Amino acid sequence: MSMWLSAANSSAGMMRGAWTAEMHRQQQEFVQNWIKMSMQFWMPMLNPPRDRK
């Protein structure tokens, strides 16, 4: 039974590692998209339109 529990614990550890890595990837993608959208929204406001003569 001890070997079975050891194998189950090892498998659970691998799954936890894969899940953690996927969460990290999704969080990084979310942050990058948020930064990109924020820049697209705010940057035009920082550059006022030029007066055309």
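Note that residues are indexed from 1 along each chain, following the sequence as it is written. The predicted origin of the model limits local features to residues at a pLDDT of at least 70 and limits the giving and counting of side-chain atom pairs to 80 or more, whereas totals for whole chains, interfaces and linings rest on all residues. As a rule here, side-chain values cover all heavy atoms of the structure and leave hydrogens and water aside.

J.: Residues and numbers for the overall build of the protein chain, please.
T.: The helix and strand tally for the protein chain stands at one helix and zero strands. A compact globule built from 53 residues would reach a C-alpha radius of gyration of about 10 Å, whereas the protein chain, at 24 Å, exceeds it by more than 25%. Considered along the principal axes of its C-alpha atoms, the protein chain spans approximately 85 × 10 × 5 Å. Only protein chains enter the calculation, and the probe is 1.4 Å; a residue is then buried if its accessible area is under 20% of its type maximum, exposed if over 50%, and partly exposed in between. Considering the protein chain as a whole, with its 53 residues, one finds that 0% of them fall into the buried category. Put simply, DSSP marks the helices as runs of H or I at least four residues long and the strands as runs of E at least two long, and each gets a number from the N terminus on. Our radius of gyration is a C-alpha quantity, and the globule rule it is checked against amounts to 2.2 Å times the number of residues to the power 0.38.

J.: Outline the environment of Met 37, supporting the account with residue identities and numerical values.
T.: Looking at the secondary structure, you find Met 37 in helix H1 (residues 2–46). Note on Met 37: relative accessible area 57%, which makes it exposed. Along the primary structure Met 37 and Pro 49 are separated by twelve residues, whereas in three dimensions their C-alpha atoms are 21 Å apart.

J.: Tell me about a nonpolar patch on the surface, and name the residues and values.
T.: Within the patch definition used here, like charges are joined within 9 Å and nonpolar side chains (Val, Leu, Ile, Met, Phe, Trp, Tyr) within 5 Å, considering only residues with over 30% relative accessible area and no salt bridge. The protein chains shown are the only cover counted for residues, whose accessible areas, like all others here, come from Shrake-Rupley with a 1.4 Å probe. The salt bridge criterion pairs a side-chain nitrogen of Lys or Arg with a carboxyl oxygen of Asp or Glu, the two atoms within 4 Å. On the surface, a nonpolar cluster with roughly 740 Å² of combined accessible area is contributed by Phe 30, Val 31, Trp 34, Ile 35, Met 39, Met 43 and Leu 46. As for its position among the elements, Met 43 is in helix H1. For Met 43, a relative accessible area of 39% corresponds to the partly exposed category.

J.: Just give me the short version of the environment of Glu 22, but keep the residues and values in it.
T.: Tracing the backbone through its elements, the reader meets Glu 22 in helix H1. Accessibility expressed as a relative area gives 33% for Glu 22, which makes it partly exposed. Put simply, Glu 22 and Asn 9 are 13 residues apart on the chain and 20 Å apart in space, counted from C-alpha to C-alpha. Pairs of N or O atoms are called polar contacts if they sit within 3.5 Å, as long as, within protein, a hydrogen donor faces a hydrogen acceptor (for residues adjacent in sequence, only side-chain-to-side-chain pairs). Among the polar contacts made by the side chain of Glu 22, one reaches the side chain of Arg 25 at a distance of 2.9 Å.

By themselves, these figures tell us nothing about what the structure is for.
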